[in-house]
Amino acid sequence: MWVLFSLLAALSSAVVVTLSKAGIKNVNPSLAFAIQSICILVVSWSVVIGQGMVAEVSRIDRKVWIYLIVAGVVTCISSLLSFRALKLTDAARASPLDKISLVFTIILAVFFLKEKVNAQLIIGAVLMAIGAVMIALSR
């Protein structure tokens, strides 16, 4: 089931990039991101309320709050940088470089989460990174 959710997330991400590129044509990227952020806030809290999970907020551990807040700030920075890249070039060139986050995720997961990697995973990540760079640098 996780594969389905991952593929749907990838498809959603592609739609977001495409719509964002169209939306920032005549708009400052930071303003465009702020507008999208309002939508994210409304939809995410609607899901929490709809699932009856509001009471769970008070039970979240302090350490978890710190992780989630830092991740939220980094998410904002990532999105702002992505919007700036989209403003400066084609979506088909900017988006692949953004996906090199896979390589960074693997490295961070190994060091901070103590996840195990094997040769197949490393080779696959290297090939994806090479492909992303080739796409981004194509004319």
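Since this is a predicted model, take the numbers as computed values, not measurements. (Residues numbered from 1 in each chain as written. Predicted model: local features only at pLDDT ≥ 70, side-chain atom pairs only at ≥ 80, totals over all residues. Heavy atoms only, no water.)

*Asks:* When you look at the UniProt feature "transmembrane region" (unreviewed entry) in the chain in this model, what are you seeing that I'm missing?
*Replies:* According to UniProt, the positions carrying the feature "transmembrane region" (unreviewed entry) are residues 32–52, 64–85, 97–114 and 121–138. Helix makes up 100% of residues 64–85 and strand 0%, whereas the separation of the span's terminal C-alpha atoms amounts to 31 Å. Within residues 97–114, the helical portion is 78% and the strand portion 0%, while the C-alpha atoms at the span's ends are 26 Å from each other. (UniProt positions renumbered as here; feature names shortened; annotations may be inferred. Helix = DSSP H or I, 4+ residues; strand = E, 2+ residues; numbered from the N terminus.)

*Asks:* Quick question: what am I supposed to make of the environment of Leu97 here?
*Replies:* Locating Leu97 in the fold gives a position in helix H4 (residues 91–98). Of the residues examined, Leu97 reaches a relative accessible area of 44% and is grouped as partly exposed. Along the primary structure Leu97 and Ala132 are separated by 35 residues, whereas in three dimensions their C-alpha atoms are 5.6 Å apart. (Buried < 20%, exposed > 50% of the residue type's maximum accessible area, 1.4 Å probe, protein only.)

*Asks:* Please clarify how helix H3 (residues 62–88) should be interpreted in this entry.
*Replies:* Because an α-helix packs 3.6 residues into every turn, residues spaced three or four apart end up facing the same way. For H3, with 27 residues, the first-to-last C-alpha span of 39 Å sits near the 39 Å given by 1.5 Å per residue. Where H3 begins, one side-chain oxygen reaches toward the backbone nitrogen of Lys63, 3.2 Å away; that side chain belongs to Asp61. (Expected span 1.5 Å × (residues − 1). Polar contact = N/O pair within 3.5 Å; in protein donor to acceptor, adjacent residues only side chain to side chain.)

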